[in-house]
Amino acid sequence: MRDAQDIEHAIDRFGDAVWRACLTYVPAHDAEDAFQNTFAKYARHDAAFNGEEHAKAWLLRVAINDCKDMLRSRARSHASLDAEIDRWGDAFAPAANDCASEVREVLDAVDRLSDPPKTPLYLFACEGYSVPEIARMMEVPEGTVYSWISRGRKQLKEALS
């Protein structure tokens, strides 16, 4: 186990880079968890590093892997708004009812999109896939995926205005 001073030094030195990496992959509330997990793993990691660049690279890789694990986990456990209301009951219902009509309006607008851009926009915005990953899945150039996502966002904006 590393001492507190070593951990604090790592957070001071590399915390911003780890935080930015986490935010690149997941929303802020998940990025907080990934950030904490990364430095908890660092605290338990006993092996020596070959300089600060090696430590930074290790921390970034751990953070990115943790974020990717979160995305895979989220993709497997995706629940509908109605399922969450049923699961949490009255505790969830007031907050859900405030935004449920807005969420349903957005979901309906997404359902009305043609395909493409519906699938790539969903994979990007909801499932957290990167453009290169979507391009490989759909066997199209990355530029095409960027165009589809842009077109889908524009169509959603028009539908929701």
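Remember, predicted model here, so these are calculated numbers, not experimental data.

**Focus: the overall build of the protein**
The secondary structure content of the protein amounts to 8 helices and 0 strands. Residues counted as buried form 29% of the 161 residues belonging to the protein. Counting contacts in the protein only where the partners sit at least 6 residues apart, residues at least 24 apart contribute 59% of the total. When the accessible area of the protein is evaluated, it comes to approximately 10400 Å², of which 51% is carbon and sulfur surface.

**Overview of the packing of aromatic side chains**
Considering all chains together, one arrives at 6 aromatic pairs under this definition. For the ring pair Trp-19 and Phe-35, a centre distance of 6.1 Å and an interplane angle of 80° mean the geometry is edge-to-face. Residue Trp-19 is located in helix H1 (residues 4-25), and its partner Phe-35 is located in helix H2 (residues 28-44); the two are separated by 16 residues in the primary sequence. Since its relative accessible area comes to 29%, Trp-19 is described here as partly exposed. Put simply, the rings of Trp-19, Phe-35, Phe-39, Tyr-42, Phe-49 and Trp-58 pair up and form one aromatic cluster. Above the ring of Tyr-42, the side-chain terminus of Arg-2 is found at 4.5 Å from the ring centroid.

**So, the nonpolar core**
Val-18, Cys-22, Phe-39, Tyr-42 and Leu-59 are the most contacted members of the largest nonpolar core, which has 19 residues in total. Elements that contribute at least two residues to this core include exactly H1, H2 and helix H3 (52-76). In contact with Tyr-42, not counting residues within four places along its chain, are Arg-2, Asp-6, Ile-7, Ala-10, Phe-49, Trp-58 and Leu-59. Among the nonpolar cores identified, the runner-up in size contains 10 residues, and Leu-113, Ile-134, Ala-135 and Leu-156 belong to it.

**As for the confidence of the model for the protein**
Of the residues in the protein, 83% reach a pLDDT of 70 or more, and the chain-wide mean stands at 83. Ranking the helices and strands of the protein by mean pLDDT puts H2 first, with 93, and helix H4 (residues 81-88) last, with 58.

About the cut-offs
Residues numbered from 1 in each chain as written. Predicted model: local features only at pLDDT ≥ 70, side-chain atom pairs only at ≥ 80, totals over all residues. Heavy atoms only, no water. Helix = DSSP H or I, 4+ residues; strand = E, 2+ residues; numbered from the N terminus. Buried < 20%, exposed > 50% of the residue type's maximum accessible area, 1.4 Å probe, protein only. Contact = heavy atoms within 4.5 Å. Areas by Shrake-Rupley, 256 points an atom, 1.4 Å probe, with all protein chains shown as cover. Phe/Tyr/Trp six-rings, centres within 6.5 Å; stacked < 30°, edge-to-face > 60°. Lys NZ or Arg CZ within 6 Å of the ring centre and 35° of its normal. Core = buried A, V, L, I, M, F, W, Y, C linked by side-chain atoms within 4.5 Å. pLDDT = per-residue confidence, 0-100.

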